[in-house]
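# Structural features, examined
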Amino acid sequence: MSAAQHQALVLGSVSFVAFVFFLCFLLPSKRTKFSVFAACNLLFVALVFGAVALVDLSGGRAEIMVAVMMELPVVLIVAWVCLALAGGLPDLPGNLPAEPVARRPWLRAVLGSAPLILLLSVGLATAVGLVWPSPALRVYAPAPPQFVVLKALIMAPEWFYSGLAAVVFVMAGRASGLKRRFYFKNLAFSVGMGCIALIAVESTVFAGLRVWLSGGNRGAILEILNTVEACLAITCILAFAAGLSLRYTPAVATTLLHRLQTGWLRAQEQFESLEWQAVSTVAADRLTHASDAVVEACRIKGLSESETQRALATIRLVAVMRDPSSETQHITPDAARELYELQQEILCDDVLASKISWAAGWRSRAHEPQTVKSAPLHDALKAALDLVDNDGESEGVRTPPLWYYIVAVSAADAKMIDPAPVSMQLRDGAEHRAAVEAYDDARRVLRMLDDQRPRMEDRPG
Amino acid sequence: MNVEAPKRDLTGPFLNRLAGFWRPLRNLSAARSHVNGTRSLLTAAEFQEELAILGLSGRRFEPEDYSDALADYLDISIAVHVIPDSWYPELTRLLAFSGRLGELRYSEQLNMAAIFVPGSLPPLVLTLTILHELGHLAAGDLLIEFDEQPDEDDQHAEEAKFATLPLKKGTKLARGNPFAEESLREREANLRASYALFAGCLGDDSPHAYDMYDVL
């Protein structure tokens, strides 16, 4: 067995052990497209080195073929990483590109060209090697100038793309507000790709020295360079392993987000917009008096703005749900209950419930953003369902707030709901009496205002 | 949405034919374009790419920020008018009767878009309505060349449903061309609105934003 065969046997064994380790420990825990590719690549490397170890291929064109095959795994890794950064092949929807790449179409195009350019350069280098064979596998043997051309054809694009990928990883890691784990992950990959770029430079220099360097210290210099290359290769592998092992689980899963978009958001938007349409068209006249009285009663009792908004939302819902016209047919107790249950699902997740919010108005910083919990609709749905589905049970509302009593009194007075079950439900307590008094006062105030309005309008000038 | 298109100059059929030759060449250079006549609806991941282009990916943002970033990118001015009901009560009633929640007007000559929404809309609906109309601008729905409707008889039903239309000269954020069918354009504008709302709320907690920093 020659020295080259012995070296190939060692490298092949190491690659095979790495493949088995990867298959048993890394792949089951994180199966990404890249990890599967990396495993296949390791197997390919093990097979190539194994073939070199078993068959003495030194000399002639066979040596060139084997040398090129041994370069291929690294070339494939670089091509794959560039493709991953670009978000997949052009014209084929794939994964998301890296954030800095998405912002720069030219960068995406350059990275996307990596597989083509790299494989073309390998092909060209193979052709050069086959036309002018050189001792590619004999590491320290003197080589003809064509060997530098062969090496440079492979290494120049490899240096360019791996260097570019390293820069892109740094750009991705330096994004403002990024979680620290992503910073280190991208930094690790950047170091890995940087090492490949340096190996490409070192490899070309090494080939040049094999051609032009002579004298006593030739062997020593080549050995130093070989050691540097080995160190870079080990650093590269460690950096990639560190990058792959750094994992992050987002606070909100994709499936949950999809469910929220297609479930809750769609339901709430449809419900609120249909309710708005119904209030703006058919139920408007019916509602005016009741809602004015509710607002005035809330004002008399000194209730807060948010409580008044809840009362108003509830009386609107009750009016629309009780309206017999076809325009309001979609706002049913069943639809309200379904939406309320979807909201409850979100509220069970504290993180999610606190994050999902929307502005109370356009370019309005005066009001706090609304959340599922703080928006008037949530409490209004529950209150309206309690009032409309008055089966005597009001689970969850043990001691209703004052605004609820005011709405109940107002809705009963406007014949939107049956007053008898409501009285039973509210048990004629002190809060109920206070609400009745406030409502009566509100009606009186509104009547006085109504009486004054025509007189003011009749006044000349 | 409504478009105030300027009168076409009489460049004649020669230039139109030339544009027809140019389009496939232009598409060759566009990475991952879907301008070959058909495409599927926008996904959350594709929307995240749009956010990255606007510089909003991984950040928490308000609809106002999205509007400003989109206006900068499209190089147009976007004005959002929330009309109080007391000003024009009839506007609210008319919109409600027609089943619409907002109105988008676009003038190519003035290089500006205006969105009108009634102030009485519930906050969530108001936000989504504005984002929906902004979604039409992002998709380039207002740049459609309506005189180049595809011949649907020549296509399969499924394909026709997702057919796209070519655009007039102008900038759009979306990679793909707008759908030929209006219902699909509306559906995609709804999707954009919901994606924008969640992306703005979640910031870097969005799983799609996280994917852009973890490509391997």
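Residues numbered from 1 in each chain as written. Chains lettered and ligands numbered in written order. Predicted model: local features only at pLDDT ≥ 70, side-chain atom pairs only at ≥ 80, totals over all residues. Heavy atoms only, no water.

## Observations regarding the overall build of chain B
Note the cut-off: The secondary structure listing takes helices from DSSP runs of H or I that are at least 4 residues long and strands from runs of E that are at least 2 residues long, numbered from the N terminus. Using a 1.4 Å probe on the protein chains alone, a residue whose accessible area is under 20% of its type maximum counts as buried, one over 50% counts as exposed, and one in between counts as partly exposed. By definition in these notes, contact holds between two residues if any of their heavy atoms fall within 4.5 Å. In these tables, accessible area is a Shrake-Rupley quantity obtained with a 1.4 Å probe, and a residue counts as shielded only by the protein chains included in the view.
The helix and strand tally for chain B stands at 8 helices and 4 strands. Listing each helix as α and each strand as β along chain B from the N terminus yields β-α-α-α-β-α-β-β-α-α-α-α. The buried share of chain B, reckoned over its 216 residues, is 55%. Restricting the contact set of chain B to residue pairs at least 6 apart, pairs at least 24 apart contribute 69%. Of the roughly 10,000 Å² of accessible surface on chain B, a fraction of 53% belongs to carbon and sulfur atoms.

## Concerning the overall build of chain A
For chain A, the count of helices and strands is 18 helices and 2 strands. With 461 residues in all, chain A has 47% of them scored as buried. Expressed as a percentage of contacts within chain A between residues at least 6 apart in sequence, the contacts between residues at least 24 apart total 75%. Put simply, chain A shows about 22,800 Å² of open surface, and 62% of that area lies on carbon and sulfur atoms.

## A look at the interface of chain B and chain A
As a reminder of what qualifies: Buried area: the accessible area, evaluated with a 1.4 Å probe, that two parts lose upon being put together, summed over both parts. Salt bridges, as used here, are contacts in which a Lys or Arg side-chain nitrogen is within 4 Å of a carboxyl oxygen on Asp or Glu. Polar contact is defined as a pair of N or O atoms within 3.5 Å, subject to the rule that within protein one atom must be able to donate a hydrogen and the other to accept it, and that residues adjacent in sequence are counted only when both atoms are side-chain atoms. Each residue is assigned to one of three groups, with Ala, Val, Leu, Ile, Met, Phe, Trp, Tyr, Cys and Pro labelled nonpolar, Asp, Glu, Lys and Arg labelled charged, and all others, Gly among them, labelled polar.
Contacts between the two partners involve 58 residues from chain B and, on the opposite side, 66 residues from chain A. Of the roughly 5,600 Å² buried between chain B and chain A, counting both surfaces, carbon and sulfur atoms make up 64%. In this structure, Asp 205 of chain B engages Lys 179 of chain A in a salt bridge whose closest nitrogen and oxygen atoms are separated by 3.5 Å. In this assembly, chain B and chain A are joined by 9 residue pairs in polar contact (both at pLDDT 80 or more). Only helix 2 (44-54), helix 3 (63-74), strand 2 (77-83), helix 4 (89-98), helix 5 (123-139), helix 7 (182-202) and helix 8 (207-211) of chain B provide two or more residues apiece to the side of chain B that touches chain A. Ranked by residues supplied to the side of chain B that touches chain A, first place goes to helix 5 of chain B with 7 residues. Grouping the constituent residues of the side of chain B that touches chain A by class yields 32 nonpolar, 12 polar and 14 charged.

## Re the side chain of Gln 48 of chain B
Note on placement: Gln 48 of chain B falls in helix 2. Accessibility expressed as a relative area gives 3% for Gln 48 of chain B, which makes it buried. Filtering out sequence-adjacent residues up to four positions away, Gln 48 of chain B remains in contact with Leu 96 of chain A together with Ser 57, Gly 58, Ser 206, His 208, Ala 209 and Met 212 of chain B.

## Here we look at the pattern of salt bridges
Enumeration according to the criterion identifies 18 salt bridges over all chains in this entry. The salt bridge involving Arg 103 of chain A is made with Glu 99 of chain A; its shortest N-O contact spans 3.9 Å. Residue class for Glu 99 of chain A comes out buried when judged on its relative accessible area of 8%. Across the pair Asp 214 of chain B and Lys 185 of chain A runs a salt bridge, and its minimum N-O distance is 3.4 Å. Separated into two different chains, Asp 214 of chain B in the segment after helix 8 and Lys 185 of chain A in helix 8 (residues 180-212) make up a pair that spans both. Of the two residues, Asp 214 of chain B and Lys 185 of chain A, both sit in the buried class. It is possible to trace a salt-bridge network through shared partners that takes in Lys 179 and Lys 355 of chain A together with Asp 204 and Asp 205 of chain B.

## Some thoughts on helix 13 (residues 333-348) of chain A
Residues and elements named next belong to chain A. To be explicit about the condition: The span one expects for a helix is its residue count, reduced by one, times 1.5 Å. Relevant arc is that of directions from the helix axis to the C-beta atoms, nothing else.
Between its first and last C-alpha, helix 13 extends 22 Å over 16 residues, near the 22 Å set by a 1.5 Å rise per residue. Every buried residue of helix 13 is accounted for by Ala 336, Leu 339, Tyr 340, Gln 343, Ile 346 and Leu 347. Buried residues along helix 13 cover an arc of 115° about the axis, so they all sit on one side. The outward face of helix 13, more than 90 degrees from its buried face, is lined by the exposed residues Asp 334, Glu 338 and Cys 348. Where the residues of helix 13 are buried, they touch helix 10 (254-280), helix 12 (305-321), helix 14 (350-355) and helix 15 (376-388).

## What to know about the environment of Leu 209 of chain A
Checked against the element boundaries, Leu 209 of chain A lands in helix 8. When residues no more than four places from it in sequence are discounted, the contact partners of Leu 209 of chain A are Arg 218, Ile 221, Leu 222 and Leu 225 of chain A.

## Details of the packing of aromatic side chains
Residue and element names in this part refer to chain B. Test applied: To pair, rings of Phe, Tyr and Trp, with the six-membered ring standing in for Trp, must have centres within 6.5 Å; the planes then decide the type, stacked if under 30 degrees apart, edge-to-face if over 60, and tilted in the middle.
This model, assessed by the stated rule, comprises 15 aromatic pairs over all chains. Arranged with centres 6.2 Å apart and planes meeting at 45°, the rings of Phe 47 and Tyr 66 form a pair that is tilted. One end of the pair, Phe 47, is in helix 2; the other, Tyr 66, is in helix 3, and 19 residues separate them in sequence. In this structure an aromatic cluster arises from ring pairing among Phe 47, Phe 61, Tyr 66 and Tyr 195.

## A closer look at a nonpolar patch on the surface
What counts here: Excluding any residue in a salt bridge, patches collect residues exceeding 30% relative accessible area, merging like charges within 9 Å and nonpolar Val, Leu, Ile, Met, Phe, Trp and Tyr side chains within 5 Å.
The grouping of Phe 16, Val 20, Leu 43 and Leu 47 of chain A at the surface amounts to a nonpolar patch, some 340 Å² of accessible area in total. Structurally, Leu 43 of chain A can be placed in helix 2 (residues 33-54).

## Describing the pairing of strand 4 (residues 112-118) of chain B
Residues in a regular strand project their side chains so that they alternate between the two faces of the sheet. Residues and elements named next belong to chain B. Note the cut-off: Here, strands pair whenever DSSP counts at least two bridges between them.
Burial analysis of strand 4 places 5 of its 7 residues in the buried class, which makes it a mostly covered element. Two elements, strand 2 and strand 4, share 7 bridges in a ladder whose sense is parallel. The residue of strand 4 that forms the bridge with Ile 78 is Ala 113. Inspection of the sheet shows strand 3 (residues 103-107) paired to strand 4 by 5 bridges, in the antiparallel sense.

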